[in-house]
There are 2 protein chains.
Amino acid sequence: MKRREFLKAGGVGLAASAAVAAPAIAQSMPEIKWRLAASWPKSLDTLYGGVEFFTKRVADLTDNKFQIQPFAAGEIVGGLQVLDAVQNGTVEMGNTALYYYWGKNPAFTFGTSLPFGLNTRQQMSWMIHGGGMDMLNDLLKEYKCIGVPTGSTGAQMGGWFRKEIKSTEDLKGLKFRVGGFAGTIIAKVGGVPQQIAAGDIYPALEKGTIDAAEWVGPYDDEKLGFVKVAKYYYYPGWWEGTGQGHNIMNLEKWNALPKHYQAAITTASYDTYAWVTGKYDYVNPPALKRLLASGAILKPFPQEVLETCYKAANEIYADLSKTNAHFGKMHASLAAFRSDSLAWMQVAELSFDSFMMRMRTKA
Amino acid sequence: MKRREFLKAGGVGLAASAAVAAPAIAQSMPEIKWRLAASWPKSLDTLYGGVEFFTKRVADLTDNKFQIQPFAAGEIVGGLQVLDAVQNGTVEMGNTALYYYWGKNPAFTFGTSLPFGLNTRQQMSWMIHGGGMDMLNDLLKEYKCIGVPTGSTGAQMGGWFRKEIKSTEDLKGLKFRVGGFAGTIIAKVGGVPQQIAAGDIYPALEKGTIDAAEWVGPYDDEKLGFVKVAKYYYYPGWWEGTGQGHNIMNLEKWNALPKHYQAAITTASYDTYAWVTGKYDYVNPPALKRLLASGAILKPFPQEVLETCYKAANEIYADLSKTNAHFGKMHASLAAFRSDSLAWMQVAELSFDSFMMRMRTKA
């Protein structure tokens, strides 16, 4: 007890001196409180769970001195307003999918997933070692932000369709709820992309206001109940070979942080990548089994449909690269890496995985 | 100047009080120095590069107060003595592949890679969310250690062979340098596994003392020059669908750390996973191209060879599960997860990757 009282007295002395100037020792672990706006509802224990994991890690790393309070979509700003809120300083940071902001600049799609782009490991490799994150930060700087990658969803599903898709003809006029930049490709091949918030998708699909809807993958999709109103579950989600999340920080607030608090955000963000991606990989398999038991009919998109969309996507990329320097630079970098990476991935990775898949059904 | 002097005086006051009892503020960031013994030579800028990345991150996270000095294999102890050195407290921590210690307990192989086990993402998912790391820590506790996952090599190659492998018959009597527990499977199908340190493999292969050797993958293998003396480069390395590294800490030293320094090690270790795995995924593709230009002949193991080895592996696992509680528990857990995971991975992940691979060669 005596020791505590002694220390408490010492603490008061420090507090008093802080009125004159913050002492060096106290500066090394200042108490800082930030707010984080997430693009996800709390019901997504994958992505929002990752945000809670991240803020806990930052607190753990700083002896609870750096407290980041997370807010779900809609609590401070809507899920698609996170970049604006961070840019304006309404919140110090956000957790979001950068492709939500493709309307500001289509190059934001490289942050989350370029359609027909990279898979989860390729995306992380390109961002860390291929200059991808530096190029994204050149773009984010124009919005007074800096970013660091966090969790990925893994490759996503192609969504829930009320009718079978047998050829590109079946996409013509199809009202399809699809996220982000991918809608421009759907439109180019004759579909009618729809922007609908998560909570409104189910009733629209039930009433037939829309014909199809994609969200994420088995575990997240199951919560929205799509299987009850649209049985055909298509794959792959060619617009999201990965679904890469980012933490974004207001640049001025970031620069004012002690270096080791910056390190806490950076390191905990990459830790969150392992946690979130690992979680998706753990919860999706049983969710897929449950969906199949509930009547979902798994269907691969026909090769012709994929090739038509692939061609349309590349035409859009070629056009954008001519007029948008960010887009052109990132696309050239990503495409060069992807080509070499695929040649390697199909050797050890693909042959190991496909052998194990064959033996699973054989056993 | 006045402010500094004022603070200095305050600092002296604190130092004086520390003689009575360490003040809370000074305790929150104590200066601690640790030594880390790695299982890798410095020439492996992938794995040893990951160790340097990790120790830098820990310093960054703690305002340079927690300094972990890394040592390469052989500087303090040999690459295969890291667990002993950490257990004995010769060093506070190590960075290693747990399967090196399969001679102490074959269940250590689950830490790095069970032959015909999991791929990189599956391994991380199983460790974090499937209880894998908890089970490994139950085992590590018997060696007075605690572990946390770090970087992975990705799926490895099957190695360099002087002659073609057309059937399991060609493995009979084959002197094959192969790491870890996999040698028991090679022996069961008639091969002669060899334990040879990295630096001695090349001359043995050149002289024909051995017939084949596996190491890691294109980038690391290239440095050892195997392509000059054994042209056939087989895939996949079915004994390493991933090559998962671990940081291991002496349990007593770990428990004495402040909680936020423990958090620094944990979080920086997962950050290192993203960095190392991303690095392998970035440097392997161009290395493979260079090896092919140098005359390497890529060959898949025949399906019959893979199936024979798979059967032999499962017989060994069944036997070990009867007598080794750690092995039995981890194998049951891993096998259940793997089965569901493969069923899911072949939907979105495999169909996305394989479409992209097809389009690469078509374009």
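Residues numbered from 1 in each chain as written. Chains lettered and ligands numbered in written order. Predicted model: local features only at pLDDT ≥ 70, side-chain atom pairs only at ≥ 80, totals over all residues. Heavy atoms only, no water.

## Considerations on helix α9 (residues 198-207) of chain B
Residues and elements named next belong to chain B. Basically, it comes down to this: Exposure categories follow from relative accessible area, calculated using a 1.4 Å probe and restricted to protein chains: below 20% of the type maximum is buried, above 50% is exposed, and the middle band is partly exposed. Per the convention used, a helix needs a DSSP run of H or I reaching at least four residues, while a strand needs a run of E reaching at least two, with both numbered from the N terminus. In this description, the arc belongs to the directions extending from the helix axis to the C-beta atoms. Should any heavy atoms of two residues lie within 4.5 Å, those residues are considered in contact.
All buried positions along α9 are accounted for by I201, A204 and L205. The buried residues of α9 all sit within an arc of 95 degrees when viewed along its axis, so they share a single face. Of the exposed residues in α9, those oriented more than 90 degrees away from the buried face are G199 and K207. For α9, the elements touching its buried residues are β6 (175-177) and β8 (212-213).

## Let's talk about the interface of chain A and chain B
Let me state the cut-off plainly: Buried area is a sum: the accessible area each of two parts loses on coming together, probed at 1.4 Å, counted once for each and added. Note on definitions: salt bridges are taken to be side-chain nitrogens of Lys or Arg within 4 Å of carboxyl oxygens of Asp or Glu. Contacts described as polar in this section are N or O atom pairs within 3.5 Å, which, within protein, must combine one atom able to donate a hydrogen with one able to accept it, while residues neighboring in sequence count only if both atoms come from side chains.
Each partner contributes to the interface: chain A provides 87 residues, whereas chain B provides 87 residues. Across the chain A/chain B interface, buried area totals approximately 8,100 Å², and carbon plus sulfur atoms make up 71% of it. Of all residues in chain A, W344, F352 and M357 of chain A bury the most surface against chain B, accounting for 9% of the area lost on that side. D281 of chain A is the partner of R121 of chain B in a salt bridge, and the nearest nitrogen-oxygen pair spans 2.8 Å. Inspection of the region where chain A meets chain B yields 22 residue pairs in polar contact (both at pLDDT 80 or more). At the level of elements, α1 (2-18), α2 (24-28), α3 (47-61), α6 (120-129), α12 (259-293), α13 (303-323), α14 (325-345) and α15 (348-362) of chain A are the ones that each hand at least two residues to the side of chain A that touches chain B. Sort the elements by how many residues they give to the side of chain A that touches chain B and α12 of chain A lands first, with 20 residues.

## Details of the sheet that holds strand β11 (residues 297-300) of chain A
All names here are of chain A. Cut-off, in case you're wondering: DSSP-based pairing: two strands are paired if at least 2 bridges between them are found.
Read from one edge of the open sheet, six strands run β7-β6-β8-β5-β9-β11, paired in mixed fashion. At either end of the open sheet lies a strand with only one pairing partner, and these are β7 (192-194) and β11. Relative to strand β9 (residues 232-235), strand β5 (residues 159-161) runs antiparallel, the two sharing three bridges. Residue W160 lies in a different strand from β9, and its bridge partner there is Y233.

## Observations concerning the relation of the copies chain A and chain B
Let me state the cut-off plainly: A residue counts toward the fit only if its pLDDT is at least 70 in both copies, and the copies are then superposed by least squares on the C-alpha atoms of those residues.
After a rotation of 180 degrees and a shift along the axis of 0.0 Å, chain A superposes on chain B with an RMSD of 0.0 Å. Such a turn and shift between the copies fits a two-fold axis. Every residue of chain A has its C-alpha some distance from the rotation axis, and the shortest such distance is that of D271 of chain A, at 2.6 Å. Most of the interface of chain A is mirrored in chain B: 100% of its interface residues are interface residues there too.

## Structural notes on the sheet that holds strand β10 (residues 244-250) of chain B
All names here are of chain B. The criterion, for reference: Only the stretch in contact is used when fitting a helix axis, every axis being a line fitted to C-alpha atoms; angles between N-to-C directions are given from 0 to 180 degrees.
The strand order β2-β1-β3-β10-β4 describes an open sheet built from five strands, whose pairing is mixed. Strands with a single pairing partner mark the edges of an open sheet, and in this sheet they are β2 (66-71) and β4 (145-152). Across the sheet, the mean angle from the axis of one strand to that of its neighbour is 25 degrees, orientation sign disregarded. For strand β3 (residues 93-96) and β10, the ladder comprises four bridges, and the chain directions are antiparallel. Looking across to β10, one finds that N95 is bridged to N247.

## Concerning the pattern of salt bridges
Note that side chains of opposite charge can pair when their charged atoms are close. Residues and elements named next belong to chain A. If you walk through the whole model with that rule in mind, you get 36 salt bridges over all chains. A salt bridge links K223 to D45, with the nearest nitrogen and oxygen atoms 3.0 Å apart. Separated by 178 residues along the polypeptide, K223 in helix α10 (residues 218-224) and D45 in the loop between β1 (32-38) and α3 bring together distant segments of the chain. With its nearest N and O atoms 3.4 Å apart, the salt bridge here joins E315 to K188. Of this pair, E315 sits in helix α13 while K188 sits in helix α8 (residues 182-188), and the two are 127 residues apart along the sequence. A relative accessible area of 34% means that E315 is categorised as partly exposed.

## A short note on the UniProt feature "binding site: substrate" (unreviewed entry) in chain A
Residues and elements named next belong to chain A. The criterion, for reference: UniProt positions are given in the numbering used here, feature names are shortened, and annotations may be inferred rather than shown by experiment.
Summarizing the sequence annotation, UniProt attributes the feature "binding site: substrate" (unreviewed entry) to Q156, R177, E214 and E240 in the numbering used throughout. With the annotated positions falling across 85 residues, the maximum pairwise C-alpha distance of 14.4 Å places them together in a single cluster. Mapping R177 onto the fold places it in strand β6 (residues 175-177). Discounting residues that sit within four places of it in the chain, R177 has contacts with Q194, I196, I201, I210, A212, A213, E214 and W215. A polar side-chain atom of R177 sits 3.0 Å from the main-chain carbonyl oxygen of I196. If you trace the backbone, E214 turns up in the loop between β8 (212-213) and α10. For E214, a relative accessible area of 1% gives the class buried. Those residues in contact with E214, other than ones at most four positions away along the chain, are Q156, M157, G158, G159, F176, R177, V178, G179, W239 and E240.

## Considering the packing of aromatic side chains
Aromatic ring pairs are reported here in terms of the distance separating the ring centres and the angle at which the planes meet. In plain terms, the rule: Aromatic rings from Phe, Tyr and Trp, taking only the six-membered ring of Trp, are treated as a pair when their centres fall within 6.5 Å; an angle between ring planes under 30 degrees marks them as stacked, one over 60 as edge-to-face, and anything in between as tilted. Counted as over-ring charges are cases with an Arg CZ or a Lys NZ within 6 Å of the ring centre that also lie within 35 degrees of the ring normal.
Applying the stated criterion across every chain yields a total of 57 aromatic pairs over all chains. Ring geometry for Y317 of chain A against F327 of chain A: centres 5.9 Å apart, planes inclined by 40 degrees, an arrangement best described as tilted. Highlighted residues: Y317 of chain A in helix α13 and F327 of chain A in helix α14, separated in sequence by 10 residues. Clustering of aromatic rings is evident, with ring pairs tying together F116, F161, F176, Y234, W238, W239, F301 and Y310 of chain A together with F355 of chain B. Its end group placed over the ring of F71 of chain A, R35 of chain A keeps NZ or CZ at 5.6 Å from the ring centre.

## Some thoughts on the packing of α6 of chain A against α14 of chain A
All names here are of chain A. Applied cut-off: Roughly parallel covers angles under 35 degrees, roughly antiparallel covers those over 145, roughly perpendicular covers 65 to 115, and oblique covers all other angles. Crossings are sorted by hand: turned counterclockwise from the far helix by less than a right angle, the near helix makes the crossing left-handed, and turned clockwise it makes it right-handed. Under the scheme applied, nonpolar residues are Ala, Val, Leu, Ile, Met, Phe, Trp, Tyr, Cys and Pro; charged residues are Asp, Glu, Lys and Arg; polar residues are all the others, including Gly.
Here α6 crosses α14 at 130 degrees, and the two axes come no closer than 11 Å. Judged by the angle between their axes, α6 and α14 are oblique. Considering how the two elements wind past one another, α6 and α14 form a crossing that is right-handed. Every residue of α14 that contacts α6 at R121, Q122, S125 and W126 is listed here: M330, S333, L334, F337, S341, L342 and M345. Across the contact of α6 with α14, the residue classes break down as six nonpolar, four polar and one charged.

## Looking at helix α12 (residues 259-293) of chain B
Residue and element names in this part refer to chain B. Spelled out, the test is: One fewer than the residue count of a helix, multiplied by 1.5 Å, yields its expected span. Bend, in this description, refers to the angle at a residue between axes fitted to the seven residues ending there and the seven starting there.
In this model, α12 (35 residues) spans 51 Å end to end at C-alpha, consistent with the 51 Å of a helix rising 1.5 Å per residue. The largest bend in α12 is about 30 degrees, located at N284, with the proline P285 one to four residues further on. Of all 35 residues making up α12, 28 are buried, and the element is well covered by its neighbours.

## Regarding the pairing of β4 of chain B
Residues and elements named next belong to chain B. With seven of its eight residues buried, β4 lies for the most part within the structure. Relative to β10, β4 runs antiparallel, the two sharing six bridges. From the neighbouring strand, V148 faces β10, where its bridge partner is N247.

## Looking at the environment of G78 of chain A
Assignment of secondary structure puts G78 of chain A in the loop between β2 (66-71) and α4 (82-87). As a C-alpha pair, G78 of chain A and S39 of chain A span 39 residues in sequence and 7.1 Å in three-dimensional space.

## With respect to the UniProt feature "binding site: Na(+)" (unreviewed entry) in chain A
Residue and element names in this part refer to chain A. Summarizing the sequence annotation, UniProt attributes the feature "binding site: Na(+)" (unreviewed entry) to W215 in the numbering used throughout. Locating W215 in the fold gives a position in the loop between β8 and α10. Excluding residues that lie within four positions of it along the chain, W215 makes contacts with L44, Q156, R177, A198, I201, D220, D221, L224 and F226.

## Focus: the side chain of N324 of chain B
With respect to the helices and strands, the residue N324 of chain B is situated in the loop between α13 (303-323) and α14 (325-345). From its side chain, N324 of chain B meets the backbone nitrogen of H326 of chain B in a polar contact 3.1 Å long.

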